[in-house]
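Listed below, chain by chain, are the residues.
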Amino acid sequence: WEAIAKLTREAIATDPDAKEWMGDCARGDLDSFVAKSCAPGPGSDLIAGVAADAWFCGRTTGMDWGAMGAPVADLCNAPSGSAYRPGGICASVGNKQLLIDFVTRGPEQWGIDHTLINVPSQDCLMGILDCDIEYCRRCAGRCSAE
């Protein structure tokens, strides 16, 4: 599963935006990562009255998680640097499940059910979820209504 995850990560990195996020995160350049993530774009588009990335981050204030009931991944309250540590959002799932979720609950399904953006998959495979945790906390409207 590691080999398939690596190939998937390489394929995702052919997208210029993904490559930039992956590079900023790998270099530890959180300011650039957060600035790009907070900039107007798909993550700022309103879905059910809130920014799309509020769903990604696992915000609960003012959110109706429908049948899911609650976020699967709580980036808003995850400890900094914990995503790939034992018990972390990505490490607790493993490559096999991340790949299955990427195909069955990933970007192609987000337009059908916006809550699926919160299921760990693409960003875990990209290696950027620790940076996403910081982004969620720093960007207005992602973890709270303010």
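Everything discussed here concerns the structure shown above.
Residues numbered from 1 in each chain as written. Predicted model: local features only at pLDDT ≥ 70, side-chain atom pairs only at ≥ 80, totals over all residues. Heavy atoms only, no water.

Observations concerning the environment of Pro107
As for its position among the elements, Pro107 is in helix H6 (residues 107–110). Pro107 sits in the partly exposed class, given a relative accessible area of 29%. C-alpha of Pro107 to C-alpha of Gln122: the two residues are 15 residues apart in sequence and 7.8 Å apart in space. Setting aside chain neighbours within four positions, we find Pro107 in contact with Phe102 and Gln122. (Helix = DSSP H or I, 4+ residues; strand = E, 2+ residues; numbered from the N terminus. Buried < 20%, exposed > 50% of the residue type's maximum accessible area, 1.4 Å probe, protein only. Contact = heavy atoms within 4.5 Å.)

Thoughts on the state of the cysteines
If you walk through the whole model with that rule in mind, you get five disulfides. Between the sulfur of Cys25 and that of Cys131 lies a disulfide, 2.1 Å long from S to S. Here the S-S torsion is close to 95°, and the disulfide linking Cys25 with Cys131 is therefore right-handed. Linking Cys25 in helix H2 (residues 16–27) with Cys131 in helix H8 (residues 129–138), this pair joins segments that are 106 residues apart in sequence. Shown here is the disulfide that connects Cys90 with Cys124, its sulfur atoms set 2.0 Å apart. Handedness here is read from the sign of the S-S torsion; for Cys90 and Cys124, about -80°, the answer is left-handed. Of this pair, Cys90 sits in the loop between helix H4 (52–57) and helix H5 (94–104) while Cys124 sits in helix H7 (residues 122–126), placing them 34 residues apart in sequence. When sorted by exposure, Cys90 lands in the same class as Cys124, which is buried. When the bonded cysteines of the chain are counted from the start of the sequence, the pairing works out to 1-7, 2-9, 3-8, 4-10, 5-6. (Disulfide = S-S within 2.5 Å.)

This is a description of form; function is not addressed.
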